[in-house]
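Structural description and commentary
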Amino acid sequence: MEQLTQVLKDGHMELLEVPFPALGKGQVMVRNHYSVISAGTEGKTVKDARLSYIGKAKSRQEEVKKVITAAKTHGVMKTYKMVMNKLESPNPLGYSCAGEVMEVADDIKHLKVGDFVACGGQTANHSEVVVVPKNLCVKINNPEIVKSAAFTTIGAIAMQGVRQAEVSLGESSVVIGLGIVGQLTLQLLVAAGVNAIGLDIDQNQVDLAKKNGLKHAYNSSEEGIENVIEQITNGFGADSVIITAGTSSLEPINFAGVIARKKAKVVIVGAVPTGFDRGNYFKKELDLRMSTSYGPGRYDNDYEQKGIDYPIGHVRWTENRNMQAFVELIEAGKLDIEALMSHQFGFDKAKDAFQLIVDRTEHLCGIVLEYDTTKELKRNVQINAKKYNAADVNIGFIGAGSFAQNFLLPNLAAENLINVATARATTARNVADKFGFDNCTGDADGVINNESINTIFIATPHHLHANYVIKALQANKNVFVEKPLCLTKEELEEVKEAESNSNGQVMVGFNRRFSPQIIALKKELNDSLPKAINYRINAGKLPADHWTQDPKIGGGRIIGEACHFIDLCSFIAGSPITNVAANALKDANGLNDTVSISLAFENGSVASISYFSNGSKKLNKEYLEVFCGEKAVVIDDYKSIDILSADQKKSKSSAQDKGHSKEVELFINAIKNGEQLPISFQECYNSTKATFDVLDKIKGA
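We now turn to the structure provided with this report. These figures come from a predicted structure and were not determined experimentally.

**Brief notes about the overall build of the protein**
A count of helices and strands for the protein gives 23 helices and 31 strands. Taken over the C-alpha trace, the protein has a radius of gyration of 29 Å; the compact-globule value for 701 residues is 27 Å, and the two agree within 12%. Taking the principal axes of the C-alpha coordinates as reference, the protein spans close to 95 × 60 × 50 Å. Each of the 701 residues in the protein was classed as buried or not, and the buried ones make up 53%. Considering only residue pairs separated by 6 or more positions, the protein has 67% of its internal contacts joining residues 24 or more positions apart. With the model as given, the accessible surface of the protein reaches about 31,300 Å², and the carbon-plus-sulfur share is 49%. Side chains of the protein carry 77 positive and 83 negative charges; the gap between the two charge centres is 4 Å.

**Section: the pattern of salt bridges**
For the structure on display, the rule yields 30 salt bridges. Its salt-bridge partner being glutamate 285, residue lysine 263 comes within 2.3 Å of it at the nearest N-O pair. Taken as a pair, lysine 263 in strand 13 (residues 260-268) and glutamate 285 in the loop between helix 11 (278-283) and strand 14 (287-290) lie far apart in primary sequence, 22 residues in all. Residue lysine 386 pairs with aspartate 438 through a salt bridge whose shortest N-O separation is 3.5 Å. You can see lysine 386 sitting in the loop between strand 17 (381-382) and strand 18 (394-398) and its partner aspartate 438 sitting in the loop between helix 16 (425-435) and strand 20 (439-441), a full 52 residues away along the chain. Within this structure, Glu166, Lys265, Asp287 and Arg289 form a network of salt bridges that share partners.

**Focus: the packing of aromatic side chains**
The geometry of an aromatic ring pair is captured by the separation of the ring centres together with the interplanar angle, meaning the angle of the planes. Per the counting criterion, the structure on display carries twelve aromatic pairs. Ring centres 6.3 Å apart and planes at 80° place the aromatic pair phenylalanine 397 and phenylalanine 437 in the edge-to-face group. Of this pair, phenylalanine 397 sits in strand 18 while phenylalanine 437 is found in the loop between helix 16 and strand 20, placing the two residues 40 residues apart along the sequence. Classification of phenylalanine 437 as buried rests on a relative accessible area of 1%. Joined through ring pairs, the aromatic side chains of Phe397, Phe437, Phe457, Phe480 and Phe667 make up one cluster.

**With respect to the packing of helix 6 (residues 152-165) against helix 13 (residues 319-331)**
One way to put it is that helix 6 packs onto helix 13 with a least axis distance of 8 Å and a crossing angle of 105°. Relative to helix 13, the element helix 6 lies roughly perpendicular. Along its contact with helix 6, which presents Thr152, Thr153, Gly155, Ala156, Met159, Gln160 and Arg163, the element helix 13 presents Asn322, Met323, Ala325, Phe326, Val327 and Leu329. Across the contact of helix 6 with helix 13, the residue classes tally to seven nonpolar, five polar and one charged.

**A few points about unusual backbone geometry**
Keep in mind that most residues, glycine aside, have a negative phi and that most peptide bonds are trans. Here the bond from lysine 483 into proline 484 is cis, since omega is -5°, no more than 30 degrees from zero. Relative to the elements of secondary structure, proline 484 occurs in the loop between strand 22 (478-481) and helix 19 (489-500). Positive phi values are uncommon outside glycine, yet glutamate 285 reaches one of about 50°. With a phi angle near 50°, serine 293 is a residue other than glycine that sits in the positive phi range. Of the residues examined, serine 293 reaches a relative accessible area of 15% and is grouped as buried.

**Some remarks on the side chain of asparagine 430**
Take asparagine 430: it is sitting in helix 16. According to the relative accessible area criterion, asparagine 430 is buried, its value standing at 12%. In contact with asparagine 430, not counting residues within four places along its chain, are Glu88, Ser89, Pro90 and Gln405.

Quick notes on the rules
- Residues numbered from 1 in each chain as written.
- Predicted model: local features only at pLDDT ≥ 70, side-chain atom pairs only at ≥ 80, totals over all residues.
- Heavy atoms only, no water.
- Helix = DSSP H or I, 4+ residues; strand = E, 2+ residues; numbered from the N terminus.
- Rg over C-alpha atoms; globule rule 2.2 N^0.38 Å.
- Buried < 20%, exposed > 50% of the residue type's maximum accessible area, 1.4 Å probe, protein only.
- Contact = heavy atoms within 4.5 Å.
- Areas by Shrake-Rupley, 256 points an atom, 1.4 Å probe, with all protein chains shown as cover.
- Lys, Arg positive; Asp, Glu negative; His and termini not counted.
- Charge placed at Lys NZ, Arg CZ, Asp CG, Glu CD.
- Salt bridge = Lys/Arg side-chain N within 4 Å of Asp/Glu carboxyl O.
- Phe/Tyr/Trp six-rings, centres within 6.5 Å; stacked < 30°, edge-to-face > 60°.
- Axes fitted to C-alpha atoms, helices over the stretch in contact; angles between N-to-C directions.
- Parallel < 35°, antiparallel > 145°, perpendicular 65-115°, else oblique.
- Nonpolar A, V, L, I, M, F, W, Y, C, P; charged D, E, K, R; others polar.

The quantities given are spatial measurements derived from coordinates; they are silent on function.
Pasting the structure below:
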């Protein structure tokens, strides 16, 4: 299938052949019939991508700060490669479409194959096939209105603005900005029995509103316009003002203060600054409100991605219910969407549509892309047709986000890369092209069951690790899985059973064992002597709603990251863990991400791990001290090592290297030579079990 993509580096746009996206729990796969281009939001995205590097930096100052911070940690060259990897990756466009259901997840009961639906959100792209979560997808009962229903997401934005205005029958409401969202807002207000007044600086938009039957539509630059509005509202001023304009000017919000009556509501839907003049807002006690996109549930991961609905008795209008109401208004003939369609292009001419937006050579409003629904679509993409030698290391890769692209895949360039599976279609194709995979897909099980593949790399979100590890072991594959191995004790035992019955081996990506500094430390210290280890990690704060903090998705930071440090201490001690103690700093969200961990080992070694998330970003992340046989080794953030003994001190500094390259090299070599993997499964099991023991100790179990 094809998907419209854009490269952030230079704005290059193309219809890219990509695999079908992966269908996950609570999701629906849809073959698009129509999608709608938002000339405002998407037009800005396209224009920004075509800016120079300096222009991009000026418009993305927060990202520039992150780049500077990364350079201090990873070095200039590594950071440059990471930045370019992001800039050169193709990104999908679009967020509003409609089409026919092709497949549904097992837990979807309200939709079936063949139903027509309207879709929204970040995966409702300009693409021949999309996969969307159930709360961003609503049923269309009348197939004849599918084209109009493709506007549903944009319509939900307009509808939420109207709801925030809390308009009543017979009230007056002024809409400032008559682009597609503004035009839809006017129609919704009229349908609700509100005296709607439209304003815009573009006479074409004003004329369109009049053409569609609006009595009161005016050019906002017209002299005495505030007097006109005063007359229309019988001298009181507007009961509400809804700003749907997109501008850097303060004029819309200040003018809203002028034309609003006392105690009126001013609702901001469009992207406008809020540094308004205080006078009118103070004297009239105006109620300034923000409208969040499609409505309640937007930007809430539990609602959008997990499909957890808000009870209707507490939240009457969610984003899904707004979308459904918009479709029902179209079906009832209350809205005339076709009157707002200024242009229609075949999907194969999508680039021409965007060029029209950039050039602005003619009046634009609703721009529709139509898809050829008779075209035969390919679920997977084959880039190279090859035969493989079973004696070679033939690799399948599942999950290939930024971590995998920056730290794992660059170390596999010399190997046979057969197939890569990712949830996002563009990511799969980009990774396949960039790193030399012969195929790309959204079907992870297909990669595991491919008989030509004997080695599987897993770098998905954490909650998927155990399932894929078990399936790969059952298929007798060798497995490299990024940490953590699993999220629960039960999963750990299931992995253990699968490993014991498999001809394949499994290793967790505990990369710090392979850093140059740790290798030097191990050579320096006497293996037969116990060690005292002090490891401080300045982990940094993550929001409570970050995916890694979610117990069911990321597992929390102890399982998701602290497992690294538990494993490393065990490796340095050279002995199994015999005792675990832990205490967590109390925090309002109960995240358990500032923790003191004490470990005791069979050979008498001890370790103290201070995993702290409440420190300053200016402090280096990791600081390790190891004491043994009247020697001390100090490693500072894997950039420097100091080895101190009774009569000498040896120091060495280098670029940060946490061992990813060496780890992958030794893993591949072990498979090629038929040897045991660099980290045995028993060691991976022990370190993972100790991580669960830490959580038990914190909970007092």
